[in-house]
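# Reading the structure
Next come the chains, spelled out residue by residue.
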Amino acid sequence: MADRVTVIGWDGSPLTDAARGALGAATLVAGAAHHLALPEVPPGAERIRLGSVALAARRIAGHRGTAVVLADGDPGFFGVVRTLRAPEFGLEVEVVPAVSSVAAAFARAGMPWDDAQVVVAHKRTLRRAVNVCRAHTKVAVLTAPGAGPAELGLLLDKVHRTFVICEELGTAREQVTVVTSDKAADHTWRDPNVVIVIGGNGGRAPAVQGAASGESGGWIAGRDPADGPRGWTRPADAYDGPLGEGETGLLRAAQLARLGPRVGDLVWDIGCGSGAFATEAARGGAAVIAVDRDPRACARTETAARRFGVQVQVLHGIAPHVLEDLPEPDVVRVGGGGAAVVEAVADRRPQRIVAHAATRDAAERVGRGLTEHGYRVECALLQSVQLDTRAWTETERSVAFLLSGEMPPSGATR
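These numbers come from a predicted model, not from an experiment.

What follows is about the state of the cysteines. Each disulfide consists of one covalent bond between the sulfur atoms belonging to two cysteines. In total, this model carries zero disulfides according to the counting rule given. Unpaired in this structure, Cys-133 has its nearest cysteine sulfur neighbour in Cys-166, at a distance of 14 Å. Judged by its relative accessible area of 1%, Cys-133 is buried.

Okay, here's the thing in structure tokens:
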């Protein structure tokens, strides 16, 4: 095992005395090509071109001597330190950090970033990274080949954002460019790059320099979980008008519990009505597309999203036809359209689907359709009675069948 392993972050600025000392004593140096070309790398040291960090870690673990790993930015922030410290390698590392690429990108843009979401986009996580950009007004995306600014812009489609694209930070070829998301695919971008994605309800497009805010900072990085009122659901009077029969607070809370929308998910809300469910799902950090055939319902949903400061993409159209060109959902609420719409949704294979029915016959039709598409189906009869607590008299009663379908994991038996 290596006698000593030092991980040095590099941001393009001169190395610190600690970093130069560790590098000068190294008998093995691992890094990207531009790291290995640094003049401080000892000419007699064994060199490893970093591709797979796990493979490099195995070689370091078998090395007798002093090893140094060079990495861009802060190697402890979405960097190599996590892999090197994995139990299977048994490596104890010292870290000499540099400014992270995310911090450098926001510095170039002249923006604070304590309120930003930070995601990593590669081919396996690109869709989820895009969903975070749909749902939040300020996101930093650490990109990879095949999952860069062009791909982000294409997948955002009709969701308009401003991109601040920072290419090759800390090098002589560094460049910062501001474009709208629909224009990102018109350019070729150099790797590595960081994309700051900003915009939406409550967001503002920045100037590349000097975009300052007079607001005081928060207390937690990212989105403040204390924003907005407590509770999964809000009372009917929060949504400017009566709610539909499928929008009672108890039913919405049960639907949210069954779907479990979370950061990185895309939720479809079909038959969004007042926008109550759509905004409540978005408050949890998920991206939401709300659909309704009634333009008044679409307007109410947009108003509700603005009031609660969440991002909801609202589409006017008739299901199931309007669903054909939508991006793949993770979970879906079907608030209208019956069994035909539920089956059209099931064809897209989301992880979970919820729907409601007013009668047992309608519930059976929905349940059979979900079962035939391979879903595990549960059905519950929900009854709620609202009481006036001044006289303890009944003011409202509602009854509905709640259906939920869950797609079993691959290989699981039903």
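Taken in spatial order, the five strands make up an open sheet running E6-E7-E10-E8-E9, and their pairing is mixed. Lying at the two open borders of the sheet, with one neighbouring strand each, are strand E6 (117-120) and strand E9 (175-180). Between one strand and the next, the sheet's axes are offset by a mean angle of 20 degrees, whatever the strand orientation. The pairing of strand E7 (residues 138-142) with strand E10 (residues 193-198) spans five bridges and is antiparallel. Among the inter-strand pairings, Ala-140 is bridged to a residue of E10, identified as Ile-196. Sitting on the sheet, helix H7 (residues 149-156) is in contact with E7, strand E8 (162-167) and E10, with an inclination near 165 degrees to E8.

It is worth spelling out the environment of Ala-340 at this point. Relative to the elements of secondary structure, Ala-340 occurs in helix H11 (residues 338-346). Note on Ala-340: relative accessible area 55%, which makes it exposed. The spacing of Ala-340 and Leu-326 is 14 residues in sequence and 18 Å in space, taken between C-alpha atoms.

In this structure, Thr-66 sits in strand E4 (residues 66-72). Each residue touching Thr-66, except ones within four places of it in the same chain, is listed here: Arg-4, Ala-25, Ala-26, Thr-27 and Leu-28.

Within the sequence span of helix H1 (residues 17-24), burial applies to Ala-19, Ala-22 and Leu-23. Projected down its long axis, H1 carries its buried residues within an arc of 95 degrees, all on one side. Those residues of H1 that are buried lie in contact with strand E1 (4-10), strand E2 (28-31), E4 and strand E5 (93-96).

Let's shift gears to helix H10 (residues 295-308). Compared with the 20 Å implied by 1.5 Å per residue over 14 residues, the 20 Å span of H10 between its first and last C-alpha is a close match. Turning to H10, its buried residues are Ala-297, Cys-298, Thr-301, Ala-304, Ala-305 and Phe-308. The buried residues of H10 occupy an angular sector of 125 degrees when the element is viewed end-on, so they sit on one face. Across from the buried face of H10, at angles greater than 90 degrees, the exposed residues are Pro-295, Arg-296 and Arg-306. As for H10, its buried residues are in contact with helix H9 (276-283), strand E12 (287-292) and strand E13 (312-316). Following H10 by one or two positions, Gly-309 adopts a phi angle in the positive range, close to 65 degrees.

With that out of the way, let us pick up the confidence of the model for the protein. Per-residue pLDDT for the protein has a mean of 92; in total, 95% of the residues score no lower than 70. In this model, residues 203-214 is a region of pLDDT below 50 whose contacts with residues beyond four sequence positions or in other chains number 25 contacts.

The next subject is the nonpolar core. Counting residues in each nonpolar core, the largest one holds 29 residues, and the members touching the most others are Trp-268, Ile-270, Leu-323, Val-334 and Val-345. When contributions to this core are tallied by element, the ones reaching two or more residues are strand E11 (266-270), E12, strand E14 (331-334), H11, strand E15 (352-357), helix H12 (360-372) and strand E17 (393-406). The leading source of residues in this core is H11, at five residues. Not counting residues up to four positions away in its chain, the partners in contact with Ile-270 are Val-291, Ala-319, Leu-323, Val-332, Arg-333, Val-334, Gly-335, Gly-336, Val-341 and Val-345.

Conventions adopted
Residues numbered from 1 in each chain as written. Predicted model: local features only at pLDDT ≥ 70, side-chain atom pairs only at ≥ 80, totals over all residues. Heavy atoms only, no water. Disulfide = S-S within 2.5 Å. Buried < 20%, exposed > 50% of the residue type's maximum accessible area, 1.4 Å probe, protein only. Pairing = 2+ DSSP bridges. Helix = DSSP H or I, 4+ residues; strand = E, 2+ residues; numbered from the N terminus. Axes fitted to C-alpha atoms, helices over the stretch in contact; angles between N-to-C directions. Contact = heavy atoms within 4.5 Å. Arc of directions from axis to C-beta. Expected span 1.5 Å × (residues − 1). pLDDT = per-residue confidence, 0-100. Core = buried A, V, L, I, M, F, W, Y, C linked by side-chain atoms within 4.5 Å.

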